[in-house]
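Coordinate inspection notes
Now for the letters of each chain:
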Amino acid sequence: MGELLLAEQRAAVCDYARRMTADGLVVGTSGNVSARAGDLVAVTPSGVDYDALTPADIPVVALDGSIVDGSLRPTSELPMHLTVYRKATDPDGAEIAAVVHTHSVHATAVSTLVEEVPPIHYMLATIGPTARVAPYATFGTTELADAMLTALTDRHGCLLANHGTITYGDTLSAAYHRAQQLEWVCHLWLTARAAGTPTLLPQTEINHVVNKLHTYGQPK
Ligand SMILES: [Zn+2]
């Protein structure tokens, strides 16, 4: 048997797909993750229980969406993943090598209430000066991918109205960290808002933390 194409990326896709379910960012197989190497992308398959996935099951596609390897059908949300790799630009100039798409409940709830995530905590800066909400379009469509791309301008992620979140990074670990922080900030805002009227941070402070992260990396 030859070496598995994109072996490292396919193993990481399996790991993070399972982790996403275990961490409660999705229910069942409703979210998806991908990892890129050169012109190829390893991506979670459509409708298969993530617990049973092995690296060899993970579809590998080219940037135009054609299937290169793997027996399973790629996720129906492939257009969003490929649009990030082909068209998005990291505001820090980093490589974009991984995408995480979740239906995490608090972030999705916030996507139905506002057009941008309120600046309630400085960890919002892991996404950018703001986190926008892309207007709703049906899953799997070019229309949704286009709305997402606009919302991602100069950001590391966004919410998708009445749908979920999307984040990217130079590794799956970085993209996943951003998905978790985005969900956490949304959870925090909903919690505070349920109890009263939260005090928000000024935009200048979020901008300041964005610059700090660019210089020093992850906040503690
Ligand atoms: Zn989705």
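This write-up is about the structure you can find in this document. (Residues numbered from 1 in each chain as written. Predicted model: local features only at pLDDT ≥ 70, side-chain atom pairs only at ≥ 80, totals over all residues.)

For the rest of this paragraph, the subject is the pairing of strand β7 (residues 157-160). Both faces of the sheet carry side chains from a regular strand, because those side chains alternate between them. What you see with β7 is no split at all: G157 and L159 on one side and C158 and L160 on the other are buried throughout. Sheet topology places strand β6 (residues 133-134) next to β7; two bridges connect them, and they run parallel. Counted as the bridge partner of V133 is L159 from β7. Where the polypeptide runs from β6 across helix α4 (residues 142-151) and back to β7, its parallel neighbour, the crossover connection is right-handed. As paired elements, β7 and strand β8 (residues 164-169) share four bridges and run antiparallel to each other. Its bridge partner lying in β8, L160 is registered against G164. Here β7 hands over to β8 after three residues, with N162 in that stretch at a positive phi of 55°. (Buried ≥ 20, exposed ≤ 12 C-beta atoms within 10 Å, placed from the backbone. Helix = DSSP H or I, 4+ residues; strand = E, 2+ residues; numbered from the N terminus. Pairing = 2+ DSSP bridges. Right-handed = clockwise from strand over helix to strand, strands pointing away.)

The buried count for strand β5 (residues 98-102) comes to five of five residues, which makes it a mostly enclosed element. Here β5 shows two buried faces, one formed by A98, V100 and T102 and the other by V99 and H101. For strand β1 (residues 32-37) and β5, the ladder comprises four bridges, and the chain directions are antiparallel. Residue pairing in the sheet places V33 in a bridge with V100 of β5.

Taken as a whole, helix α2 (residues 78-87) has its buried residues at L78, M80, H81, L82 and V84. Against β1, β2 (40-43), β3 (60-62), β5, α4 and β8 lie the buried residues of α2. (Contact = placed C-beta atoms within 7 Å.)

Quick look at the packing of α2 against α4 now. Closest axis-to-axis distance for the α2/α4 pair is 9 Å, and the angle between their directions is 45°. When the interaxial angle is binned, α2 and α4 end up oblique. You can see that α2 and α4 cross each other, and the crossing is right-handed. Mapping the contact onto sequence places P79, M80, T83 and K87 in α2 and T142, L144, A145, M148 and L149 in α4. Looking at side-chain class alone, the contact of α2 with α4 contains six nonpolar, two polar and one charged residues. (Axes fitted to C-alpha atoms, helices over the stretch in contact; angles between N-to-C directions. Parallel < 35°, antiparallel > 145°, perpendicular 65-115°, else oblique. Left-handed = near helix turned anticlockwise from the far one by under 90°. Nonpolar A, V, L, I, M, F, W, Y, C, P; charged D, E, K, R; others polar.)

The next thing to look at is the sheet that holds strand β4 (residues 67-69). Strand pairing in a sheet takes place through backbone hydrogen bonds and is either antiparallel or parallel in direction. One open sheet accounts for eight strands, arranged β4-β3-β2-β1-β5-β8-β7-β6; its pairing is mixed. Looking at which strands have only one partner, the edges of the open sheet turn out to be β4 and β6. Two elements, β5 and β8, share five bridges in a ladder whose sense is antiparallel. Its bridge partner being in β8, A98 is matched across the sheet by G169. The sheet strands contacting α2 are β1, β2, β3, β5 and β8, and the helix crosses β2 at an angle near 145°.

Grouped together as the largest cluster of nonpolar side chains are 58 residues, with contacts concentrated most on V13, Y16, A134, M148, C158 and L159. Among the elements that line this core, the one with the most residues is helix α5 (residues 172-195), at eight residues. Other than its neighbours up to four places away in sequence, V13 contacts V33, S34, A35, A42, V43, T44 and I58. (Core = buried A, V, L, I, M, F, W, Y, C linked by C-beta atoms within 7 Å.)

With that out of the way, let us pick up α5. In this model α5 runs 35 Å from its N-terminal to its C-terminal C-alpha over 24 residues, within 8% of the 34 Å that 1.5 Å per residue would give. Where α5 is buried, its residues contact α1 (7-22), β1, β5, α3 (105-111), β7 and β8. (Expected span 1.5 Å × (residues − 1).)

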